[in-house]
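# Coordinate analysis (summary)
Residues per chain, in single letters:
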Amino acid sequence: MQLKKQPFIYFLLAYLLLVIYNLNKLPVAWVDEIMLIDPAFNWIHEGKFIGKVWPFVGSEQIFLAYLPLSSFIHLIDLSLFPHEIFYTRLPWLIFLIITAIYLFKYIDFRYSSLPAGILFLVSIFVVDEGVSNAMRSGRIEMPVMAIMATAFYYALKKKHPFLQATLVSLLFIAHPAVYPIGIILAIDLLTRKYSNVKRIGFAAIMVALPIFYLAMADFNFQHIYEQLIVHGREHDGHDQANNIFYQHFIQRFLPSYQIQFLIILLSVIAHFTCAYTLFVKKNFRKNLVEISFLVSSVFWFFTLAPFYRYTPVLVLMLYMHLPEMYKRFLSFAGFLRISFRAAKIWQMLLMGLFILYCSLPFITRNIVAIQQKTERNEYAVYDWLTEKIEAKANEKILIIDEPIAFYYAMQHDNITYTLPYAIPKYHLADYDRVFYLTQRTAPAQADSVAIYLPTANTTKPAFIKRNIITYQGMRLYQIQSEQALQNLYRK
């Protein structure tokens, strides 16, 4: 029986609908996303690309603590849509869709596989825990994956060279972790058979955005160091108690892949199969994914900490390499072959069960989010803050800590928001009133205003033991002294 593509299409549609339904609820307002929205909002609102929630020296003059691609993307959604959680997350969902589409197109073009088989792989990819974390966190990894998948596909097809050059330029203002990938794609494009005029044009496009970033910094590399490099060091996750090989090959995957543990094994095997593919085929232009996987892994091993948030970049290249790995593995274990054109019933059931198993974290999260829709309703939080703060039009108000207050502040010209990390930049005398919204312990020298309790008890399935963060239980305090304000500072 030939494997049909319709069941996978239905699965992907159901996945998409569920993600859209819970887009503003899962997760609740998150610190990573607001920190990258902040410079974009300030540019639109004040005409300055600055970081009000960032602690680094100089970020109040020009924001350089993170490469600007994420914030540039938010310039678009903040300009086109209301300043709400759903719309600031919508681009990340679009990037996931783009990544899935080009993953399909890449595998289809390179391996000429049956569409149903590729859709099976794409179905596993979208529920991959690392990929799901990248989509939900609001960090740069999801846009980077969309750029990579598109760039690898067009590099393989040798099409749209100016688009390829643009994608490389975007990678260079995305994150240092993907510089090896950008350099490999750049070398591939610049060494193809194009005229010198076109090569110069490609190179100009590739360096255009990095030069724009440097121009924003007035080419002041000391300021870039004080923000970007110092910020990067804060993500140093090296654990002196563990072997560096364990940290790189195993530990970086553990936060996301405790259930989907097969990815950890496949990522280790991929280092050997990628090297074997390059050694045997020696067709480097066709194997840019394999080169990028190995070079990125080596680069991360020596220069970047085993910070798990970066891992989806490697995982995307793993999925793009999986058909090649599958062929290599079958040369040793041909009895495991599954023919998508003549799959047996038990094999199809096994595939369905495997997708269901991989989807368990995704399904569980979304069911819980639906059950907790009252505790996750941001609009109810806005109404509660309006009622408790009772801000007058001419008052200057500062709210600190909980990220949901950032979205609330974006809708009020007289309200400013910051995180506890940036407290030294703020002073009580500059505001009429200062509030601390938190789920942490009560601060000293502060008056309790209210506690947010939309439901009597937090809704949570009994089998989930760990704490689930919602808006339930947030406490609002009014800060009464400069010392009390500065005591809220956290590193």
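It should be noted that the structure appears before, not after, this text.
Residues numbered from 1 in each chain as written. Predicted model: local features only at pLDDT ≥ 70, side-chain atom pairs only at ≥ 80, totals over all residues. Heavy atoms only, no water.

Moving on: the overall build of the chain. Of regular secondary structure, the chain possesses 19 helices and 5 strands. Taking 491 residues into account, the globule formula puts the C-alpha radius of gyration at 23 Å, and the chain, at 24 Å, falls close to it. Dimensions of the chain along its principal axes, counting C-alpha atoms only, are 70 × 60 × 45 Å. Each of the 491 residues in the chain was classed as buried or not, and the buried ones make up 54%. Partitioning the contacts of the chain with sequence separation of at least 6, the portion at a separation of at least 24 is 73%. Here the chain displays about 22,400 Å² of accessible surface, and carbon together with sulfur accounts for 64% of that area. (Helix = DSSP H or I, 4+ residues; strand = E, 2+ residues; numbered from the N terminus. Rg over C-alpha atoms; globule rule 2.2 N^0.38 Å. Buried < 20%, exposed > 50% of the residue type's maximum accessible area, 1.4 Å probe, protein only. Contact = heavy atoms within 4.5 Å. Areas by Shrake-Rupley, 256 points an atom, 1.4 Å probe, with all protein chains shown as cover.)

Residues I259, F261, L262, L265, I269, F354, Y357 and L360 make up a contiguous nonpolar surface patch of roughly 680 Å² in combined accessible area. Elements with a minimum of two residues in the nonpolar patch: α13 (262-281) and α16 (345-371). Its location among the elements puts I259 in the loop between α12 (244-249) and α13. With relative accessibility at 39%, the residue I259 sits in the partly exposed group. (Patch = residues over 30% accessible without salt bridge, like charges linked within 9 Å, V, L, I, M, F, W, Y side chains within 5 Å. Salt bridge = Lys/Arg side-chain N within 4 Å of Asp/Glu carboxyl O.)

What follows is about the pattern of salt bridges. This model, assessed by the stated rule, comprises 12 salt bridges. For E46, the salt bridge goes to K52, with nearest N and O atoms at 2.3 Å. Assessed through its relative accessible area of 35%, E46 is described here as partly exposed. The partly exposed category is assigned to K52, whose relative accessible area is 23%. One salt bridge in this structure joins R490 and D401, with 3.1 Å as the shortest N-O distance. Taken together, the residues span a long stretch of sequence, with R490 in the segment after α19 (482-486) and D401 in strand β1 (residues 397-401) at a distance of 89 residues.

Let us now look at the environment of Y357. Considering the arrangement of structural elements, one finds Y357 in helix α16. According to the relative accessible area criterion, Y357 is partly exposed, its value standing at 34%. In the structure, Y357 is positioned 97 residues away from Q260 in sequence and 8.4 Å away in space, judged by C-alpha atoms. When residues no more than four places from it in sequence are discounted, the contact partners of Y357 are I259 and F261.

Within the secondary structure layout, H74 lies in helix α3 (residues 69-80). Using a relative accessible area of 1% as the deciding quantity, one classes H74 as buried. Separated by 2.9 Å, the side chains of H74 and D77 make a polar contact. Not counting chain neighbours up to four residues away, the residues in contact with H74 comprise L36, I37, A40, T88 and W92. (Polar contact = N/O pair within 3.5 Å; in protein donor to acceptor, adjacent residues only side chain to side chain.)

This paragraph deals with the sheet that holds strand β2 (residues 415-418). Spatially, the 5 strands line up as an open sheet ordered β2-β1-β3-β5-β4, and their pairing is mixed. Both outer strands of the open sheet, β2 and β4 (446-451), are each paired with one neighbouring strand and no more. Each strand axis lies, on average, 25° off the axis of its neighbour in the sheet, ignoring direction. Here β4 pairs with strand β5 (residues 475-479) via 5 bridges, running antiparallel. Bridge pairing links A446 to I479 in β5. (Pairing = 2+ DSSP bridges. Axes fitted to C-alpha atoms, helices over the stretch in contact; angles between N-to-C directions.)

Our focus in this paragraph is the packing of helix α4 (residues 85-111) against helix α5 (residues 115-126). At a minimum axis separation of 10 Å, α4 and α5 run at an interaxial angle of 145°. Between α4 and α5 lies a crossing whose hand is right-handed. Judged by residue contacts, L96, T99, A100, L103, F104, I107 and D108 of α4 engage P115, I118, L119, L121, V122, F125 and V126 from α5. Here the residues of the contact of α4 with α5 sort into 12 nonpolar, 1 polar and 1 charged. (Left-handed = near helix turned anticlockwise from the far one by under 90°. Nonpolar A, V, L, I, M, F, W, Y, C, P; charged D, E, K, R; others polar.)

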